[in-house]
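A look at the structure
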Amino acid sequence: GPTSLDYRIDDFDDFYSSKDYHPVEVHWQVNGTGYYKRLSHKKPRRGANEIEISADSGTVYAYFNFGAKNRITSACNMILILVIITMMMGFSLLLSNSVSTIVMR
């Protein structure tokens, strides 16, 4: 039957079910033998969105899918770039008008 470790891993999986990021796999070692369990969430499409988080002991680690969080960060970066470009165009137009006014005097 299921062990207490299985229940803890299921609780770990359930805890992240309402979050934007979630664990994909859990790996652990017992007496030098490695085990892993796939969890209910999907792996990210891009490898860069998968991050390994390990316990201080180094014998337990999990892979997390940060795809949704990275998409939000990327969208904010694109908006910031557009705002900066718009401001640069506005100030260059203002500077051009000021220079034209000074030259025409």
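Going by the structure above, here's the rest.
**Section: the packing of aromatic side chains**
Under the definition given, this model contains 9 aromatic pairs. Aromatic pair Tyr-16 and Phe-64: ring centres 5.2 Å apart, planes at 80 degrees, arrangement edge-to-face. Here Tyr-16, found in the loop between α1 (4-15) and β1 (22-30), pairs with Phe-64, found in strand β4 (residues 60-65); they are 48 residues apart in sequence, far enough to count as distant. As far as burial versus exposure is concerned, Tyr-16 and Phe-64 are alike and both buried. Between Tyr-61 and Tyr-63, the ring centres sit 5.9 Å apart and the planes meet at 85 degrees, which makes this aromatic pair edge-to-face. What links up through ring pairs into an aromatic cluster is the set Phe-12, Phe-15, Tyr-16, Tyr-21, Phe-64 and Phe-66. Sitting over the face of the ring of Phe-15, Lys-19 holds its NZ or CZ atom 5.0 Å from the ring centroid.

**Let's talk about the environment of Asp-13**
Within the secondary structure, Asp-13 is located in helix α1. Those residues in contact with Asp-13 that sit more than four places away from it in its chain are Pro-23, Leu-39, Ser-40 and His-41. Within the structure, Asp-13 has its side chain in polar contact with the side chain of Ser-40 (distance 2.8 Å). A polar side-chain atom of Asp-13 sits 3.3 Å from a polar atom in the side chain of His-41.

Cut-off values and rules
- Residues numbered from 1 in each chain as written.
- Predicted model: local features only at pLDDT ≥ 70, side-chain atom pairs only at ≥ 80, totals over all residues.
- Heavy atoms only, no water.
- Phe/Tyr/Trp six-rings, centres within 6.5 Å; stacked < 30°, edge-to-face > 60°.
- Helix = DSSP H or I, 4+ residues; strand = E, 2+ residues; numbered from the N terminus.
- Buried < 20%, exposed > 50% of the residue type's maximum accessible area, 1.4 Å probe, protein only.
- Lys NZ or Arg CZ within 6 Å of the ring centre and 35° of its normal.
- Contact = heavy atoms within 4.5 Å.
- Polar contact = N/O pair within 3.5 Å; in protein donor to acceptor, adjacent residues only side chain to side chain.

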